[in-house]
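Summary of the model geometry
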Amino acid sequence: MGEVQQAAAPWRVRFAPSPTGALHLGAVRTALFAWLMARKTGGQFILRIEDTDQGRHVEGSEKQILDSLTWLGLLWDEGPEVGGPYGPYVQSERLPIYQEQGRVLAASGAAYFCICSPERLAAMRKAQQEQGKPTGYDRYCLHHTEEVAAAMERGQSSVLRLRMPEGRSSWDDLILGETSFDNNMVDDQVLLKSDGFPTYHLASVVDDHLMRITHVIRSQEWTSSTPKQLALYAALGWEPPFFAHTPNVLGEDRKKMSKRHGAKDILEYRAQGYLPGALLNAMALLGWASGTAQELFSRDELVAMFSIERVNRAPAIFDAKRLDSIQAAHLRQLPDGELSEALEPFLQGPSRTQILSLVPLLRERIVRLADAAGLVAPLLERPRWPLKEPFPPAKVLPGDAFGLLERTIQRIDAGDLENPVALREALSEWATTKGAKPRDIFRVLYLALLGTAAGLPIFDVMKYLGAEEVRFRLEQGMRELSMLVDEL
Ligand code: GLU
């Protein structure tokens, strides 16, 4: 099948997380790739919760998965009606569907019942390991069907195993290229457990077929499962989908991502105030490159430019600094109103209009939206004297600091607040006549106005605070200084 033909036909893709914990960057990156291909080809993106391994179920993770995808805008296109938006498909609600296919497989001989006890299986595995052989089921039950049937008749519990066919399994992976496994190395996988639950392999194949998935896009760790799944498609007489196994995401030290690398639950990025668009942009670049110098992409540009064939098979390295620079760039492009709205949940205190007027001050100074709170707090609350930091700051004489504050008030009374550039120039000039560096002397203004030696651009801060408040804060600073300056 040529590339052109593939691109023209709509792709039905799915994201099939197991609810075994929070969604991390690598998993969501794979979901993004699938979502992009669905959008690009005018197809559908399906969300399926694979919860058949009930022992690994983590309470609350399903909600976390839905919240993460919703926050990022990776919305799924169909699912059972749950009143309102679609729910995802949930495998534990579909058990009879898998059991039915289990019966089909058992009847055709493509699968067989196995009554081996966990003890026998453990002993077998130990012996194989000791002999340096690959571990795998030894097919005892395949060769003792009468014994198995009699035991099951007596009510002994059993599992259903795939009879892995001879030969090789090959497929043309859209990312890995031609991929092939010797079936001798592939175990006779359990398909249905004794409690009637399917394992991942059976449930996934049955669902991918029934949900008419055309392209399975999933992480590379599942590559070795593909031969088993291809055997199932063949045994059930179904056409397999195309496969694309996405590269792993590693930390900068090329080790598997973990907490250490900031491998956070996606919702932690939301809590810190990353923009969904910036995170999507950064995630798209984990394994994919447009082939141009462009680094910043809107969601629509990603949809237009992304292609799964351009995803590199080598592991992708997550670079937190790159995410931050992409985030900063997205922040700069955001219209005032949108940035203000995005900031609202992070700023308790200021009104909506106040936040909107703070936007020009904050835009260049923050990376994460959560950074805004610390910068805005000193605007809302007057400094508490005595300050934690030395006042006047090092390299500035109390008399000069006093003079600066006095001069500033004069200029403000003369109407300079409206013109921060002129005010800055006038005060810089004054500082130079005193033989002081403007940088040192402006620290006096920061301290008097904000209580800290750095923060948002101080002349913009003054404009924001307004003449009356600025005068109040500066006079307070002058009072503190007058205690230090005897001759004043
Ligand atoms: N449930 C599997 C997971 O948690 C999905 C594997 C697949 O996409 O086939 O990753």
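In this report, the structure presented in the accompanying data block is examined.

Scoring rules and cut-offs
- Residues numbered from 1 in each chain as written.
- Predicted model: local features only at pLDDT ≥ 70, side-chain atom pairs only at ≥ 80, totals over all residues.
- Heavy atoms only, no water.
- Phe/Tyr/Trp six-rings, centres within 6.5 Å; stacked < 30°, edge-to-face > 60°.
- Helix = DSSP H or I, 4+ residues; strand = E, 2+ residues; numbered from the N terminus.
- Buried < 20%, exposed > 50% of the residue type's maximum accessible area, 1.4 Å probe, protein only.
- Lys NZ or Arg CZ within 6 Å of the ring centre and 35° of its normal.
- Pairing = 2+ DSSP bridges.
- Right-handed = clockwise from strand over helix to strand, strands pointing away.

We describe a pair of aromatic rings using the distance from one ring centre to the other and the angle between the two ring planes. Taken as a whole and assessed by the stated rule, the structure comprises 10 aromatic pairs. The interplanar angle of 25° and the centroid separation of 6.4 Å between the aromatic rings of Tyr112 and Tyr137 together place this pair among those described as stacked. Within this pair, whereas Tyr112 is found in strand β4 (residues 111–114), its partner Tyr137 is found in the loop between α5 (118–130) and α6 (145–153), the two being separated by 25 residues in sequence. Given the relative accessible area of 6%, Tyr112 is considered buried. Here Tyr137 falls in the buried class, since its relative accessible area comes to 9%. Relative to Phe181, the ring of Trp171 has its centre 6.0 Å away and its plane inclined at 5°; by these criteria the two rings are stacked. Residue Trp171 is found in strand β6 (residues 168–173), and its partner Phe181 is found in strand β7 (residues 177–182); the two are separated by 10 residues along the sequence. A relative accessible area of 6% places Trp171 in the buried class. Each residue in the set Phe33, Trp288, Phe297 and Phe306 is aromatic and connected to the rest through ring pairs, giving one cluster. In this structure, Arg161 packs its charged tip against the face of Tyr137, placed 3.9 Å from the ring centre. Over the aromatic face of Phe472 sits the side chain of Arg382, whose NZ or CZ is 3.7 Å from the ring centroid.

When you tally the buried positions in strand β2 (residues 44–49), you get 5 out of 6 residues, the bulk of the element. Strand direction decides the pairing type here: strand β1 (residues 12–15) and β2, joined by 4 bridges, are parallel. Bridge pairing in β2 links Arg12 to Gln44. The parallel pair β1 and β2 is bridged by helix α2 (residues 25–41), and the resulting crossover is right-handed. Strand direction decides the pairing type here: β2 and strand β3 (residues 89–90), joined by 2 bridges, are parallel. Note on β3: the bridge partner recorded for Arg48 is Tyr89.

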